[in-house]
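Residues per chain, in single letters:
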Amino acid sequence: MKLNGQRIEPGEIEAVLLADPSVRAAVVRVVGEGHSRRLHGWVASEAVDGPVLADRLRQRIENL
């Protein structure tokens, strides 16, 4: 699918999230319509420090 002029594959992003050893489950969806569409991701994790995990996952996704 296209989002902001870029081709996005939610399944690829889910795979990157699931590659982290502390992530048990991940879901990625496009939310909204028209110009307000955004990519949202949810994870279930064993991590104790959520903000640290969120930063680590963002860095992995940005490197796609």
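Here, every reference points to the structure presented above.
Now for a look at the structure at hand. Everything numeric here is computed off the predicted structure, so don't read it as measured data. The residue count restarts for each chain, going from 1 along the sequence in the order it is written. Only residues with pLDDT of at least 70 get local features here, since the model is predicted, and only at 80 or more are side-chain atom pairs given and counted; chain-wide, interface and lining totals rely on the full set of residues. Only heavy atoms go into the side-chain values, all of them from the structure, while hydrogens and water stay out.

## What about the overall build of the protein chain?
Next, step 1: A count of helices and strands for the protein chain gives two helices and four strands.
Next, step 2: N-terminal to C-terminal, the α/β element order of the protein chain is β-β-α-β-β-α.
Next, step 3: Only protein chains enter the accessibility calculation, which uses a 1.4 Å probe; a residue is then buried when its area is under 20% of its type maximum, exposed when over 50%, and partly exposed in between. By residue count, 22% of the 64 residues in the protein chain fall in the buried class.
Next, step 4: Whether two residues are in contact is decided by their heavy atoms, any of which lying within 4.5 Å being enough. Pairs at least 24 apart in sequence give 36% of the contacts found in the protein chain among residues at least 6 apart. Counting from the N terminus, the helices are DSSP H or I runs at least four residues long and the strands are E runs at least two residues long.

## Let's talk about helix α1 (residues 10-18)
Next, step 1: For α1, the set of buried residues is Pro10, Ile13, Glu14, Val16 and Leu17. All buried residues of α1 lie within an arc of 160 degrees about the axis, which places them on one face of the element.
Next, step 2: For α1, the secondary structure elements touched by its buried residues are β3 (23-31), β4 (38-45) and α2 (50-62). This arc is taken over the directions from the axis of the helix to the C-beta atoms.

## Concerning the environment of valine 23
Next, step 1: Topologically, valine 23 is positioned in strand β3.
Next, step 2: Given the relative accessible area of 8%, valine 23 is considered buried.
Next, step 3: For the pair valine 23 and arginine 7, spaced 16 residues apart in sequence, the C-alpha to C-alpha distance is 25 Å.

## So, the pairing of β3
Next, step 1: Any two strands with at least two DSSP-identified bridges between them are counted as paired. Here β3 pairs with β4 via eight bridges, running antiparallel. Of the residues in β4, the one forming a bridge with valine 30 is leucine 39.
Next, step 2: Here β3 folds back onto β4 in antiparallel fashion, the turn holding six residues, of which glycine 32 has a positive phi close to 100 degrees.

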